[in-house]
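Residue-level listing of the chains:
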Amino acid sequence: MVFPLAHPGSLFYLVPPGLKVLPGIRVKAPLKKSVKVGFVVSVREDFEADFELKPLVEAVDEEPLLSEKLIELILWVSGYYKEPLGVVFASALPPALRRGKGVSLPKRRLVAELLRSDVEVPLTRRQRDLVHLLREKGSLSVSEIEKVWGFSRSVVYALQSKGIVELKPQDLFEELAPVREEIVLNSEQKRSVERILASSGVFERFYLYGVTGSGKTEVYKRCAVEVVSRGEGVLILVPEIALTPHYVKRFIDVFGDRLSVMHSALSDAERAYQWERIRRGEALVVVGTRSAIFAPFKKCGLIVVDEEHDASYKQSESPRYNARDVAVVRAKMEGCPVVLGSATPSVESFYNVKRGKYHLLVLSSRVKGASLPEVSIVDMKKEKGIFSSLLLAEMEKALSASKAVMLLLNRKGYSRSVVCRACGLLLMCPNCDVALTPHRTHSGYRYVCHWCGYDAPSFSVCPGCLKESLTMVGYGLQRVEEALKELFPDKRVVRMDRDTVASKYAYWKILDEMERGEIDILLGTQMIAKGHHFPNVALSALLLADMGLNIPDFRASERVYQLICQMAGRAGREEKGRVVIQSFNPDYYAIKYGARCELEAFMEVELESRKAFKFPPFAHLVRLLFVGTKEERVEEVAFEVKEMLQKHVDVIGPSPSGIRRLKNRFRWHLIMRSNKRGVMQNLLDAVPMSHKGVRILRDVDPYEFF
Ligand code: ADP
Ligand code: ZN
């Protein structure tokens, strides 16, 4: 059995007589000086130990939480990504069950509903404000009242006790209005559905290639109906929570109680409850993010990976698995079809399709017949400031026609950095090898480190030359916001980044307002671009396309291509849209082809370069990251490990990682590269988790290089 810890590995225990123990149940067992909850991996009758086995204390579950197939999948993930088995087991279960709890009916989120609006009793100002708000909105969830609208719970309770407000538990899907449409599939959709269903009960890999709005969701839905009618489960993976409503709205009418969602915005109790519904076979269609890959169906009949190219499928902490790739493995184990879908395929998947590993299904036309937007690339070398003259003119045009504008810049904070005009010093974080970013707050400017959270009031005396000549340079979202409000004082400008949308509710609220056309200019990081469709947007712009290119990552061009093509390839539903891409390298292939969504042309150049530099899909990579407080030691260990590895595989590095020092810890890394996965896997078994006080983190098929 294993415990949900990085150490130790699998342990053996004696099953005392009378205790019913099966693989996949949780048990309590002595570990060191206490008793802990762990998971049973296997039970053996004929085990001969040459040491004394401790007996298990008790069984937590009567029947397995995890099926044999799921245990097999967990073992595979642990073995392939070289992650501790106990950690993978834990991540396959909802948090409450990990801790040894049972499943209880969750406390549903409470909704406050206004009973009377002709209020005569005396109210405090806050209570009156809330009544006004509820009068406008009808009803709101209590957490939204708290988190989005800033009322404390006590205001809600006070109104409840006065009989003005009623509190009711909220249904998981209630807030999402179902989308009901009578749809006759077009011929490409029909062919895709038939082809996928023809593989029922067999492992086959499909790639559904089609732009946003080409009707992919409808294809998934039709397939799901068929699979569910056989009593089998359908798993739909989405890269982020924000994309779940898209499916829920379209699926809820058809599947009702059979639909479930799995993601981290649910409460622990709700997650455990949904998980149990799936395990019992009550819910058969699951829409979820990464960890939903372990959805406990009795029998899985179809797996869909939407927006397959998205890097969010790769978990950046242990266990570092890629849910897209695990999906394919699970489909193979389950013996069912798997469909990856996207308008902007990853290079790996494109290559797999080319090699015939995937069966390609194409939705080439946009169902609602909208035309592609007109895209312009602006050379920023010839412009001043952050808005090119073309962009300014287009903004004027869109706004004066009462249309909305979407601007994207992947940089939080006020400006890029702080430099000294006298000596050229770049202000750095005291704990990390990272430049500090100025942020504007109520109380003035602050210098912030995005990596360790260092945060200090701004100052203007240069620590290098002691002259008063520190100055903020470049544009961050806050500064762009400031400029927009000056340019368009009577327009509603909303900024969306991790600072303004700390909660999921705030995020949904902005998207909702955007959908209803209540925002004139939406400004934000990449998070505004993902999969959403806003009918009122006439113009969208990428303020600095080059930003993603200056990072040491072999997928940098791919990501820039995808981002631009996603913007350019979005159908303007009613009218022709307009896209402006601002760049200092307008002729760079990823930007040029991205703007025209020329997938084949982009891939030709990209694959050529991946091949020349031996990057995936032409080689497998493993990244080892060495972390410690003494840099000499970190470097020394990195070179020792390289010594051991390089007899068998290519080793790039070691070198200081993209961020050499983080939170006062030094970081070096090396990349192992080989065509032979098996060789690398075996080598990894010989690499310790730590050595001489230096931690060694392993990342198989890495997506991050800082
Ligand atoms: P995607 O998932 O590729 O972004 P959707 O499946 O969401 O696309 O389809 C986009 C829109 O077109 C939706 O409003 C959907 O209801 C509609 N739609 C899909 N297929 C058809 C069809 N065959 N005929 C008419 N409308 C369709
Ligand atoms: Zn820092």
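Refer to the structure above for everything that follows.
Conventions adopted
Residues numbered from 1 in each chain as written. Chains lettered and ligands numbered in written order. Predicted model: local features only at pLDDT ≥ 70, side-chain atom pairs only at ≥ 80, totals over all residues. Heavy atoms only, no water. Axes fitted to C-alpha atoms, helices over the stretch in contact; angles between N-to-C directions. Helix = DSSP H or I, 4+ residues; strand = E, 2+ residues; numbered from the N terminus. Left-handed = near helix turned anticlockwise from the far one by under 90°. Contact = heavy atoms within 4.5 Å. Nonpolar A, V, L, I, M, F, W, Y, C, P; charged D, E, K, R; others polar. Core = buried A, V, L, I, M, F, W, Y, C linked by side-chain atoms within 4.5 Å. Buried < 20%, exposed > 50% of the residue type's maximum accessible area, 1.4 Å probe, protein only. Pairing = 2+ DSSP bridges. Near = heavy atom within 4 Å. Polar contact = N/O pair within 3.5 Å; in protein donor to acceptor, adjacent residues only side chain to side chain. Areas by Shrake-Rupley, 256 points an atom, 1.4 Å probe, with all protein chains shown as cover. Donors = N, O, S within 2.8 Å, 3.2 Å for Na, K, Ca; no water. Tetrahedral: all angles 85-135°; square planar, octahedral: opposite > 155°, others 65-115°. Salt bridge = Lys/Arg side-chain N within 4 Å of Asp/Glu carboxyl O. Parallel < 35°, antiparallel > 145°, perpendicular 65-115°, else oblique.

1. Side note on the packing of helix α7 (residues 187-197) against helix α8 (residues 216-229)
One way to put it is that α7 packs onto α8 with a least axis distance of 9 Å and a crossing angle of 35°. Between α7 and α8 lies a crossing whose hand is right-handed. Mapping the contact onto sequence places Gln 189, Ser 192, Val 193, Ile 196 and Leu 197 in α7 and Glu 218, Val 219, Arg 222, Cys 223, Glu 226 and Val 227 in α8. Tallied by class, the residues present in the contact of α7 with α8 amount to 6 nonpolar, 2 polar and 3 charged.

2. Considerations on the nonpolar core
Grouped together as the largest cluster of nonpolar side chains are 70 residues, with contacts concentrated most on Phe 294, Leu 624, Phe 626, Leu 645 and Met 672. Other than its neighbours up to four places away in sequence, Leu 624 contacts Val 641, Leu 645, Trp 668, His 669, Leu 670, Met 672, Leu 684, Val 687, Ile 696, Leu 697 and Arg 698.

3. A closer look at the sheet that holds strand β20 (residues 444-448)
Strand order in the open sheet made by the 3 strands is β19-β20-β21, with antiparallel pairing throughout. The strands lining the two open edges of the sheet, one partner per strand, are β19 (437-441) and β21 (455-457). Put simply, the sheet's adjacent strands are angled 35° from each other on average, direction ignored. For β19 and β20, the ladder comprises 5 bridges, and the chain directions are antiparallel. Across the sheet, the residue bridging to Arg 440 is Tyr 445, located in β20.

4. Some points on the site of ligand 1
Neighbouring ligand 1 are 17 residues; Glu 181, Val 184, Gln 189, Gly 213 and Thr 217 lie closest to it. One of the backbone nitrogen or oxygen atoms of Ser 214 is found 3.3 Å away from an oxygen atom of ligand 1. Here Thr 217 contributes a side-chain N or O atom positioned 2.5 Å from an oxygen atom of ligand 1. Isolated, ligand 1 exposes 550 Å² of accessible area, and the fraction of that covered by the protein chains is 87%. The dominant element in the shell around ligand 1, judged by the number of residues it contributes, is α8, at 3 residues. Residues that form the shell around ligand 1 fall into these classes: 5 nonpolar, 8 polar and 4 charged.

5. Section: the coordination of the zinc ion (ligand 2)
Taken together, Cys 429 (SG), Cys 432 (SG), Cys 449 (SG) and Cys 452 (SG) make up the full set of protein donors to the zinc ion (ligand 2), lying 2.3 to 2.4 Å away. Each of the 4 donor atoms bound to the zinc ion (ligand 2) contributes to angles spanning 106 to 115°, and the resulting shape is tetrahedral.

6. Focus on the environment of Leu 683
Note on placement: Leu 683 falls in helix α20 (residues 677-685). Residue class for Leu 683 comes out buried when judged on its relative accessible area of 10%. Residues Leu 683 and Met 672, 11 residues apart in the sequence, show an inter-C-alpha distance of 9.9 Å. Those residues within four positions of Leu 683 in sequence are excluded, and the remaining contacts are Met 644, Leu 645, His 648, Val 649 and Met 672.

7. Re helix α17 (residues 589-596)
The buried fraction of α17 is high, at 6 of 8 residues. Here the buried face of α17 lies against β16 (374-379), α16 (556-568), β26 (578-583) and α18 (599-612). Two residues or fewer after α17 comes Cys 597, characterised by a positive phi angle close to 50°.

8. Focus on the pattern of salt bridges
Evaluation of the coordinates by the stated rule reveals 43 salt bridges. Here Arg 324 ties to Asp 325 by a salt bridge, and the two come within 2.9 Å at their closest N and O atoms. The partner of Asp 650 in a salt bridge is Arg 673, with the nearest N and O atoms 3.5 Å apart. One end of the pair, Asp 650, is in strand β28 (residues 650-662); the other, Arg 673, is in strand β29 (residues 665-674), with 23 residues separating them in the sequence. When salt bridges that share partners are traced, they join Arg 440, Glu 481, Glu 482, Lys 485, Arg 495 and Asp 497 into one network.

9. Topic: the environment of Gly 79
Position of Gly 79 relative to the elements: it lies in helix α1 (residues 68-81). Measuring from C-alpha to C-alpha, the distance between Gly 79 and Gln 681 comes to 8.3 Å, with 602 residues separating the pair along the chain.

10. Digging into the side chain of Arg 555
On the secondary structure map, Arg 555 appears in the loop between β25 (537-542) and α16. With a relative accessible area of 5%, Arg 555 lands in the buried category. Of the polar contacts made by the side chain of Arg 555, one reaches the backbone oxygen of Pro 702; its length is 3.0 Å. Sequence-distant contacts of Arg 555, that is, excluding residues within four places in its chain, are made with Glu 348, Arg 610, Pro 702 and Tyr 703.

11. What about the packing of α17 against α18?
Two elements in contact, α17 and α18, have axes separated by 9 Å at closest approach and are oriented at 160°. In terms of their interaxial angle, α17 and α18 are classed as roughly antiparallel. Viewed along their axes, α17 and α18 form a crossing whose handedness is left-handed. Here Tyr 589, Ala 590 and Tyr 593 of α17 lie close against α18, whose contacting residues are Ala 601, Phe 602, Val 605 and Glu 606. Considering only residue class, the contact of α17 with α18 consists of 6 nonpolar, no polar and 1 charged.

12. Here we look at the sheet that holds strand β3 (residues 34-39)
Taking strand neighbours across the sheet as the criterion, the 3 strands line up as β3-β2-β5 in an open arrangement whose pairing is antiparallel. Only two strands of the sheet have a single partner each, and these edge strands are β3 and β5 (58-59). As defined by bridge partners, strand β2 (residues 26-31) adjoins β5 across 2 bridges and the pair is classed as antiparallel. Bridging across to β5, Lys 28 finds its partner in Glu 58.

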